[in-house]
Amino acid sequence: MPHDPVWTGETTRRAALFGLFSAGLLAGALPATAYDDGVRPDSFRASEVVENGHRFFGSVSRGLALTVEEATRRWGEPNGYILGQEASGAIVGGLRYGEGTLYTRNAGQRRIYWQGPTLGFDVGGDGARTMMLVYNLPAVRDLYRRFGGVDGSAYFIGGFGMTAVTDGGIVVVPIRSGVGARLGINVGYLKFTSRATWNPF
């Protein structure tokens, strides 16, 4: 779509968020395949995650492979991962919204949504493809909660940034690529839901 010179950056960001979540709200109204949310998902090998990540991001990247390798070194093999897209933006504080699909080896796939505030020094806005690795997930239903932590550039290489949030022993590691790379420290949280919502709290 051609750039409209009368739009401000804030207007453009809000339009992107509206498009992202209007689609999500409609998708949330569609019937979902029934799975047992109480099954403990089996783990994925790092090579599987990297392969699926390359397809998702659209290119073979050494940066992604090194980022997944670092996550594996710290937390082991994930037993779930999310592929999706998020839009956020902040100067001092802001909001983050995203939607994607949770993949598990033996507990099926789920459409999933996340929201949350970001606080702290945060440069630029982004509309980025996002992969999230999920560790120690007892059951899919346990993902629908808030995860807090230090959301900054904990690890950054080759255009990919990795951060981590945690709650109750479950660790979620967002791996982001795209414009508006995060700088500094964003102290906030991510809240996961089974349906799209505008409420980040």
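Basis of the calculations
- What you see as residue numbers is a count from 1 along each chain, following the sequence as written.
- Totals for whole chains, interfaces and linings use all residues, but because this is a predicted model, local features are given only for residues with pLDDT of at least 70 and pairs of side-chain atoms are given and counted only at 80 or more.
- Side-chain numbers come from the whole structure's heavy atoms, not from hydrogens or water.
- Only the stretch in contact is used when fitting a helix axis, every axis being a line fitted to C-alpha atoms; angles between N-to-C directions are given from 0 to 180 degrees.
- A run of DSSP states H or I qualifies as a helix once it reaches four residues; a run of E qualifies as a strand once it reaches two. Both are numbered from the N-terminal end.
- Each crossing gets its handedness from the near helix: less than a right angle anticlockwise from the far helix is left-handed, clockwise is right-handed.
- In what follows, residue pairs with any heavy atoms lying within 4.5 Å of each other are defined as contacts.
- Under the grouping applied here, Gly and all other residues not named as nonpolar or charged are polar, the nonpolar ones being Ala, Val, Leu, Ile, Met, Phe, Trp, Tyr, Cys and Pro and the charged ones Asp, Glu, Lys and Arg.
- Within 6.5 Å between ring centres, the rings of Phe, Tyr and Trp (the latter by its six-membered ring) count as paired, and their orientation is classed by plane angle as stacked under 30 degrees, edge-to-face over 60, tilted in between.
- Whether a residue is buried, partly exposed or exposed follows from its accessible area with a 1.4 Å probe, protein chains only, as a fraction of its type maximum: under 20%, in between, or over 50%, in that order.
- What qualifies as a polar contact is a pair of N or O atoms within 3.5 Å, subject to a donor-acceptor requirement within protein and to the restriction that residues adjacent in sequence count only when both atoms come from side chains.
- Each residue gets a pLDDT score, which is the predictor's confidence in that residue and runs from 0 to 100.
- We define a nonpolar core as any set of buried Ala, Val, Leu, Ile, Met, Phe, Trp, Tyr and Cys residues linked to one another through side-chain atoms lying within 4.5 Å.
- Note on definitions: salt bridges are taken to be side-chain nitrogens of Lys or Arg within 4 Å of carboxyl oxygens of Asp or Glu.

Participant: I'd love a proper account of the packing of helix α2 (residues 46–57) against helix α3 (residues 62–75), names of residues and values included.
Facilitator: Packed helices, taken two at a time, are described by the angle their axes make and the gap between the axes. Two elements in contact, α2 and α3, have axes separated by 10 Å at closest approach and are oriented at 145°. With respect to the hand of their crossing, α2 and α3 are arranged in right-handed fashion. Contacts between α2 and α3 involve Ala46, Val49, Val50, Gly53, His54 and Phe57 from the former and Leu64, Ala65, Val68 and Thr72 from the latter. Taken together, the residues that form the contact of α2 with α3 break down as 7 nonpolar, 3 polar and no charged.

Participant: Which residues make up the packing of aromatic side chains, and what are the values?
Facilitator: With the rule as written, the count across this model stands at 7 aromatic pairs. Geometrically, the ring pair formed by phenylalanine 57 and phenylalanine 160 is edge-to-face, given 5.0 Å between the ring centres and 85° between the ring planes. Residue phenylalanine 57 is located in helix α2, and its partner phenylalanine 160 is located in strand β7 (residues 160–162); the two are separated by 103 residues in the primary sequence. This pair shows no difference in class: phenylalanine 57 is buried, exactly as phenylalanine 160 is. Plain terms: the ring middles of tyrosine 81 and tyrosine 103 are 5.3 Å apart, the flat faces sit at 20° to each other, and that makes the pair stacked. Within this pair, whereas tyrosine 81 is found in strand β1 (residues 80–90), its partner tyrosine 103 is found in strand β2 (residues 93–103), the two being separated by 22 residues in sequence. Assessed through its relative accessible area of 24%, tyrosine 103 is described here as partly exposed. One aromatic cluster is present, built from ring pairs that chain together Phe44, Tyr81 and Tyr103.

Participant: A description of the side chain of glutamate 86 should follow, citing residues and the corresponding values.
Facilitator: Considering the arrangement of structural elements, one finds glutamate 86 in strand β1. A polar atom in the side chain of glutamate 86 sits 3.0 Å from the side chain of tryptophan 114. At 2.4 Å, the side chain of glutamate 86 and the side chain of arginine 176 are in polar contact.

Participant: Run through the confidence of the model for the protein, naming residues and quoting values.
Facilitator: Summarising the model, the protein shows a mean pLDDT of 74, and 64% of its residues fall at 70 or more. Considering each helix and strand of the protein separately, the mean pLDDT is smallest for helix α1 (residues 9–28), with a value of 45, and largest for strand β8 (residues 165–167), with 91. Of the regions scoring below 50 in pLDDT, residues 1–18 engages in 8 contacts with residues more than four places distant in sequence or in other chains. Across residues 21–34, confidence stays below pLDDT 50; counting only partners more than four residues off in sequence or on other chains, it has 17 contacts.

Participant: Could you give an account of the nonpolar core, with specific residues and numbers?
Facilitator: Judged by nonpolar contacts, the single largest core of 18 residues is most densely connected at Met131, Leu133, Val173 and Ile175. Sorting the residues of this core by element identifies α2, α3, β1, β4 (125–135), β7 and β9 (170–177) as the ones contributing at least two each. Per-element accounting of this core gives the leading share, 4 residues, to α2. Discounting chain neighbours no more than four positions away, the residues touching leucine 133 are Val49, Ala71, Pro78, Gly80, Tyr81, Val171, Val172, Val173 and Ile175. Formed by 16 residues, the second largest nonpolar core is a distinct cluster that contains Val134, Val165, Ile170 and Phe192.

Participant: Report on the pattern of salt bridges, specifying residues and quantitative values.
Facilitator: Counted under the stated rule, the structure contains 9 salt bridges. The salt bridge involving glutamate 48 is made with arginine 45; its shortest N-O contact spans 4.0 Å. Relative accessible area serves as the criterion here: at 17%, glutamate 48 is assigned to the buried category. One salt bridge in this structure joins arginine 105 and glutamate 48, with 2.5 Å as the shortest N-O distance. Highlighted residues: arginine 105 in the loop between β2 and β3 (109–119) and glutamate 48 in helix α2, separated in sequence by 57 residues. Overlapping salt bridges bring together Arg45, Glu48 and Arg105 as one network.

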